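Take a look at the letters that make up each chain.
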Amino acid sequence: MNIDLSPSSVLNFVVGAMVISLLIPLYQAWKFNNDIWEIMLAFSSFAAKSAVMILVIAVLRDDWMIGVVGVIILSVGNAGFMLLAHILRRIGEL
């Protein structure tokens with residue numbers, strides 16, 4: 001039995017595992033459909049995981065421009081989402 005352990009096949013397996021791990025926060029958002037905080041946490045986790053997956057794909061393809069987009073998404077992508085969560089919490093306190 002020959003197992004191919006070339007870097008591209010290993011990275012393809014990692015990307016496949018990441019796609020499967022993206023389903024976990026979506027399941028959490030579906031399960032807690034009444035709790036807005038759980039849904040926002042699940043979608044924030046989804047955004048972070050997808051940005052890391054973009055970075056892995058950028059390494060796989062050796063394309064630094066895709067990597068820059070992944071870094072931008074990872075660094076500022078959730079800032080607006082967290083601001084919205086803070087506003088919703090303040091509205092809920094009133």
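Residues numbered from 1 in each chain as written. Predicted model: local features only at pLDDT ≥ 70, side-chain atom pairs only at ≥ 80, totals over all residues. Heavy atoms only, no water.

Colleague: If you had to explain the overall build of the protein chain to someone new, which residues and values would you point to?
Modeller: Looking only at helices and strands, the protein chain features 5 helices and 0 strands. Listed N to C, the secondary structure of the protein chain is α-α-α-α-α in terms of helices and strands. By the compact-globule yardstick of 12 Å for 94 residues, the protein chain is too spread out, its C-alpha radius of gyration being 17 Å. Structurally, the protein chain occupies a C-alpha span of about 65 × 30 × 10 Å along its principal axes. Looking at the protein chain as a whole, 18% of its 94 residues are labelled buried. (Helix = DSSP H or I, 4+ residues; strand = E, 2+ residues; numbered from the N terminus. Rg over C-alpha atoms; globule rule 2.2 N^0.38 Å. Buried < 20%, exposed > 50% of the residue type's maximum accessible area, 1.4 Å probe, protein only.)

Colleague: Which residues make up the side chain of S44, and what are the values?
Modeller: Mapped onto the elements, S44 comes out in helix α3 (residues 36-61). Overall, the relative accessible area of 14% leaves S44 in the buried class. Apart from the residues within four sequence positions on either side, S44 is in contact with N78, F81 and M82. (Contact = heavy atoms within 4.5 Å.)

Colleague: Run through the packing of helix α1 (residues 7-21) against α3, naming residues and quoting values.
Modeller: Relative to each other, α1 and α3 sit at 165 degrees, their axes nearing to 10 Å. The orientation of α1 relative to α3 falls into the category roughly antiparallel. Crossing of α1 over α3 shows left-handed handedness. Two secondary-structure elements touch here, α1 through S8, L11, N12, V15, M18, V19 and S21 and α3 through K49, V52, M53, V56, I57 and L60. The residue makeup of the contact of α1 with α3, split by class, is 9 nonpolar, 3 polar and 1 charged. (Axes fitted to C-alpha atoms, helices over the stretch in contact; angles between N-to-C directions. Parallel < 35°, antiparallel > 145°, perpendicular 65-115°, else oblique. Left-handed = near helix turned anticlockwise from the far one by under 90°. Nonpolar A, V, L, I, M, F, W, Y, C, P; charged D, E, K, R; others polar.)

In short, shape yes, function no, at least from these values alone.
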